[in-house]
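Architecture and fold: a report
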Amino acid sequence: MELPLTPNLTMIREGKKFMWDGRVFDTQEECLQQAEAYLKDNFEVQTVEQDGKFLVYTRRMVKELVVTQA
C-alpha cells in the first residue's frame, strides 16, 4: 500500500520562510504555471519535487515598510 504524500507546511530557504499552498501537482508544467500566477500576484515562489509530485511554496513580498510613531 502506497502512503499518501505528506509535504511540510513550511520551508526555510535562504533564511526566508515559505508556506506550502496546499496543492499537489502531477506535472512540473502545472506546478510552474501556478508558480507564475503567484509571481504575478507579488509572491516569492519556490517549487519542490517530492516523490514524483510537484509542490509550490510561497512568501508574500514586502513592497514597502510603513513606520508609525505612537
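Below, the structure is looked at part by part.

Cut-offs used in this document
- Residues numbered from 1 in each chain as written.
- Predicted model: local features only at pLDDT ≥ 70, side-chain atom pairs only at ≥ 80, totals over all residues.
- Heavy atoms only, no water.
- Phe/Tyr/Trp six-rings, centres within 6.5 Å; stacked < 30°, edge-to-face > 60°.
- Buried < 20%, exposed > 50% of the residue type's maximum accessible area, 1.4 Å probe, protein only.
- Salt bridge = Lys/Arg side-chain N within 4 Å of Asp/Glu carboxyl O.
- Helix = DSSP H or I, 4+ residues; strand = E, 2+ residues; numbered from the N terminus.
- Contact = heavy atoms within 4.5 Å.
- Pairing = 2+ DSSP bridges.
- Axes fitted to C-alpha atoms, helices over the stretch in contact; angles between N-to-C directions.

Focus: the packing of aromatic side chains
- Enumeration over the complete set of coordinates arrives at one aromatic pair.
- Their ring planes at 70° and their centres at 5.6 Å tell us that Tyr38 and Phe43 sit as a pair that is edge-to-face. Per residue, the accessibility class of Tyr38 equals that of Phe43, and both read buried.

Description of the pattern of salt bridges
- Across all of its chains, the model carries three salt bridges by this definition.
- In this structure, Glu44 engages Lys16 in a salt bridge whose closest nitrogen and oxygen atoms are separated by 3.0 Å. Residue Glu44 is found in strand 3 (residues 43-50), and its partner Lys16 is found in strand 2 (residues 16-20); the two are separated by 28 residues along the sequence.
- Two residues, Asp26 and Lys53, come together in a salt bridge whose shortest N-O distance is 2.5 Å. Residue Asp26 is found in the loop between strand 2 and helix 1 (28-40), and its partner Lys53 is found in strand 4 (residues 53-60); the two are separated by 27 residues along the sequence.
- Residue classification places Lys53 among the partly exposed residues on the basis of a relative accessible area of 30%.

Focus on the environment of Phe54
- Following the sequence through the fold, Phe54 ends up in strand 4.
- For Phe54, a relative accessible area of 13% corresponds to the buried category.
- In this structure, the C-alpha to C-alpha distance between Phe54 and Gln28, residues 26 residues apart in sequence, is 6.1 Å.
- Among all residues touching Phe54, those that are not within four sequence positions of it are Arg23, Val24, Phe25, Asp26, Thr27, Gln28, Cys31, Val48 and Glu49.

Let's talk about the sheet that holds strand 3
- The strand order 1-2-4-3 describes an open sheet built from four strands, whose pairing is antiparallel. In the strand order of this sheet, the two ends are held by strand 1 (10-13) and strand 3, each with one partner. Across the sheet, the axes of successive neighbouring strands diverge by a mean angle of 35°, strand direction being ignored.

Quick notes on the pairing of strand 1
- Bridge analysis of strand 1 against strand 2 gives four bridges, and the strand direction is antiparallel. Within strand 2, the position partnered with Thr10 by the bridge is Met19.
- As consecutive antiparallel partners, strand 1 and strand 2 are separated by two residues, and within that stretch Glu14 has a phi angle of approximately 55°, a positive value.

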